[in-house]
Each structure stands twice: as structure tokens, then as C-alpha cells.
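This is what each chain is made of:
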Amino acid sequence: MGPLHRIVLTPGEFTGTSGSVNDYSITGLDIYGDNLGNQGPSSVLSIAPDGSCKANSCTASIPGTHTVTARDGDATGSAAFTVLDAVRLTVTGFPSTTDAGSPHNFTVTAYDKNDQPVTGYSGAIRFSSNDRHAVLPPDAQLANGIGTFSASLHTAGEHSIIAIDTVNNATGGISSSVQRGPTSKLVVSGLSSATKAGTSHTITVTATDAYGNATSGYAGTARIMSSDAKADYPRSMSIQDSGTFFFVPKTSGDHTVTVTASGTPALTDTVTARVEPNVPSILSLTGPATSPAGTSLKVTATVFDRYGNLTPNYGMLELRSSDPAALFPRYVGLSNETTFAVTFNTSGPQHLYGSEPIFDYYSFQGRPVGHMMVEVTSRATASPGGQL
């Protein structure tokens with residue numbers, strides 16, 4: 001056999017889509033056509049007018065015919081590399097009218113600029129819809145320019161399914177009128193997820209199908225319940241497709257509101273809100289009702305809102321007493337419940353007052369004012385013989 005004379009690339013013709021990669025086998029022949037075997041390790045591949053090659057593979061993205069060339073010294077060989085161009089996609093087969101949630105098959109077909117199917121096209125397709133609740137197929141590739149997929153639309157109204165070529169942005173779509181289904185749920189809305197005790201809310205109850213589309217023609221009554229035993233709300237309501245009621249939570253913590261259709265327990269919905277205490281309005285000072293003079297007492301200060309919810313992190317409390325000889329801290333920092341010591345030294349009924357600093361404790365000034373009275377008895381003394 002003679003020296004290398006020419007190179008043969010296999011396949012001699014390749015057709016793909018933008019970004020397709022093809023692997024080549026590279027065979028050497030002598031001047032007489034005798035096979036010299038694989039020339040891949042010593043050959044260099046290139047492609048023109050567009051694309052790139054690495055080792056024995058080449059790719060191109062611009063539609064049209066490209067030439068792949070292998071070179072090993074003076075010996076060369078070439079092959080055709082064609083990139084198909086899908087200028088548009090069509091979406092067919094999805095019905096023009098559908099029930100919400102019903103799945104249907106549809107077909108995506110690639111066409112060229114001459115409006116002919118691109119039978120060799122295998123582009124990657126992505127799907128989208130203006131129905132944000134639609135169930136769409138994942139990204140997929142067409143086979144020979146065509147593909148069949150399944151989708152369902154869930155939101156009532158006119159909606160579309162769009163197919164998009166991820167490389168050359170060819171698109172196509174189809175529209176369908178989505179019909180709402182029968183009433184299968186009650187949906188409760190209007191209660192803030194975080195609110196304060198005493199805040200009034202207007203709650204809306206809407207009859208919907210399984211996919212949240214408001215239905216028409218529903219009429220009935222519903223029972224209303226809440227885990228907040230102090231809340232203000234009606235215990236029942238009428239629903240004509242929808243209805244409203246007021247709800248005022250009063251107990252801090254996480255609480256629920258549940259609405260259930262009378263006679264149809266499956267038609268129900270529950271919403272939850274975290275209720276925070278309202279502004280501080282009640283200051284409670286608690287301790288013993290009687291005490292001997294000179295005895296240290298334990299007093300507890302607690303701040304509540306008007307609904308009896310403990311108000312944390314109230315701030316600073318200023319204390320005053322009717323007993324000029326009493327011993328107690330002038331200021332106390334409050335955080336939930338706070339305990340401090342007080343010693344009354346003057347017998348008789350004595351009072352302890354607490355309020356925010358600066359404000360006169362006899363005048364509410366819109367601020368919580370606390371008060372407790374202690375009957376202070378005479379200081380105990382020892383009798384002869386150690387008996388009291």
C-alpha cells in the first residue's frame with residue numbers, strides 16, 4: 001500500500017438542527033484506493049462557513065449547508081453538514097373548548113420558510129401558557145419535525161398553549177376556551193395571615209370548581225366556626241355563589257376560621273391567622289391583700305391589651321405609693337410578667353400605683369395605670385417569754 005493520498009469522512013452527509021453535534025469516523029486511502037485505516041488521531045477537522053470542531057466532532061448553529069473538512073498533511077476529505085431552519089411551529093389538535101382540568105393531546109409540527117414540514121428537524125421545544133395553573137409537558141425534542149404531547153388548562157376563560165424552539169425561537173400556539181366545572185369547593189378569603197386583636201375583617205366565601213374557578217348557580221347556607229372563643233362573628237351565613245361576613249379576632253395566637261356548607265360537609269375551607277396583642281391598655285399589679293408593716297412583699301406587674309392578651313415588652317414602669325415610708329424601686333422594666341419587692345412601713349390601707357414614666361398616675365392620659373391596695377397591720381413585736 002502506498003502513502004496517504006485522501007481522506008474519507010463518514011457520514012458524508014449529515015442533517016440536523018441548530019446546535020446539533022455529529023461524530024465522524026476518519027478513514028485514509030492511498031492513491032489506489034486501498035484502506036489505510038483510522039486517521040482520526042493525526043487529522044484535524046474544521047467546518048465552514050459556521051461552526052466549530054473538537055477532536056472528531058463538529059457542530060453548527062446557522063441554518064444552511066456547511067462543509068466539514070479533514071486534513072492530514074496534504075491529504076484532505078470533506079462532508080456536508082446541513083442545519084435545518086424551522087421558521088415556525090404549529091400547534092394543532094387541542095380542542096377549541098375544554099373543561100377545566102381535562103387533559104388533551106396536541107401535535108407540534110416544524111415548518112420551513114417555504115411553508116413545508118421540516119421532516120429532519122429535531123429541535124428542542126419548550127411550552128408555556130397564559131394560564132398560570134396549566135399543566136404542561138416538560139421540554140422535549142421533535143422527532144423528524146413533529147411531536148405529540150399532552151396538556152390541561154385549569155383557569156376559566158380564553159387561554160393558549162405556546163410551543164417555543166429553544167434555539168431559533170420559532171413559535172406556534174393554539175387557544176382554547178376553558179369552561180368552569182361544577183361547584184366542588186368553598187374558598188374563604190379576606191383574613192390577613194397576621195393581624196391584631198380587635199381588627200375587623202370582611203371575609204368572603206366563594207363557591208368554586210375543583211380548580212378555583214368561581215361557579216354560578218350555587219345557593220345555600222354555611223356554618224362558621226373559629227378556634228378563637230372570644231372572636232366576634234356570625235355563626236351562619238347565606239351564600240349565593242358568594243357571600244361575606246365580618247370577623248373580629250380577640251385572642252392572641254394562631255387561630256382558624258372554618259366555613260362549611262350546611263348539609264354538604266365536603267364543601268368546606270379553613271384559613272389561619274396569627275393574632276398579635278393590641279396596644280397595652282390594662283396594667284395589673286397583684287400581691288398580698290394584707291401585710292405587717294416592715295415586711296417585704298412580692299408584687300407582680302403585668303400589662304394586657306383591652307381583650308386580656310398579655311402584652312410583652314411593654315417598657316418602663318414608674319411606681320408610686322401612698323405610704324411615704326414605703327420601700328420599693330422607683331422604676332421597673334416590664335417584659336411579660338415582672339416581679340419586684342415592696343415594703344410598706346405605715347399601718348393602715350396603703351396604695352401602690354404604676355404607670356408609664358412622666359404621666360400623672362391619677363390621670364390615665366390614654367396610658368395603662370395599675371393600682372393595688374394592701375391593708376398594712378401594725379408591726380409585730382415580741383412578748384415576754386419570746387411569745388408573740
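Residues numbered from 1 in each chain as written. Predicted model: local features only at pLDDT ≥ 70, side-chain atom pairs only at ≥ 80, totals over all residues. Heavy atoms only, no water.

Asks: If you had to explain the sheet that holds strand S29 (residues 296-304) to someone new, which residues and values would you point to?
Replies: Spatial strand order, S27-S29-S32: three strands in an open sheet with antiparallel pairing. Both outer strands of the open sheet, strand S27 (282-286) and strand S32 (338-343), are each paired with one neighbouring strand and no more. Sheet twist, expressed as the mean angle between neighbouring strand axes with direction ignored, is 30°. Here five bridges tie S27 to S29, and the two strands are oriented antiparallel to one another. Considered in S29, the bridge of threonine 286 is made with threonine 300. (Pairing = 2+ DSSP bridges. Helix = DSSP H or I, 4+ residues; strand = E, 2+ residues; numbered from the N terminus. Axes fitted to C-alpha atoms, helices over the stretch in contact; angles between N-to-C directions.)

Asks: Run through the state of the cysteines, naming residues and quoting values.
Replies: Applying the stated criterion to the full structure yields one disulfide. The disulfide partner of cysteine 53 is cysteine 58, and the S-S distance across this bridge is 2.0 Å. Between cysteine 53 and cysteine 58, the S-S dihedral sits near 105°, and the bridge is therefore right-handed. The exposure class of cysteine 53 is partly exposed, given its relative accessible area of 26%. (Disulfide = S-S within 2.5 Å. Buried < 20%, exposed > 50% of the residue type's maximum accessible area, 1.4 Å probe, protein only.)

Asks: Before we move on, could you go through the environment of serine 189 and cite the residues and values that matter?
Replies: Its location among the elements puts serine 189 in strand S19 (residues 185-189). Counting along the chain gives 14 residues from serine 189 to isoleucine 203, while the straight-line C-alpha distance between them is 5.8 Å. What serine 189 contacts, discounting residues up to four positions off in sequence, is Thr202, Ile203 and Thr204. (Contact = heavy atoms within 4.5 Å.)

Asks: Give me the nonpolar core: which residues, what numbers.
Replies: In this structure, Leu89, Phe106, Val108 and Leu142 are the most contacted members of the largest nonpolar core, which totals 23 residues. Elements with a minimum of two residues in this core: strand S11 (88-92), strand S13 (103-111), strand S14 (124-129), strand S16 (146-152), strand S17 (157-165) and strand S18 (171-179). For this core, the element with the most residues is S13, which contributes three residues. Those residues within four positions of valine 108 in sequence are excluded, and the remaining contacts are Leu89, Thr90, Val91, Phe127, Leu142, Gly145, Ile146, Gly147, Phe149 and Ala163. (Core = buried A, V, L, I, M, F, W, Y, C linked by side-chain atoms within 4.5 Å.)

Asks: Would you mind going over the sheet that holds strand S31 (residues 331-334) in detail, with residue names and values included?
Replies: Read across the sheet, five strands follow the order S28-S34-S33-S30-S31 without closing on themselves; strand pairing throughout is mixed. The two strands at the open ends of the sheet, each matched to only one other strand, are strand S28 (290-292) and S31. Geometrically, the sheet is characterised by an average inter-axis angle of 35° between neighbouring strands, direction not taken into account. Two strands pair when backbone bridges link them, and strand S30 (residues 315-321) and strand S33 (residues 348-355) are joined in this way by four bridges, in the antiparallel orientation. Residue pairing for S33: arginine 320 is matched across the bridge by tyrosine 353.

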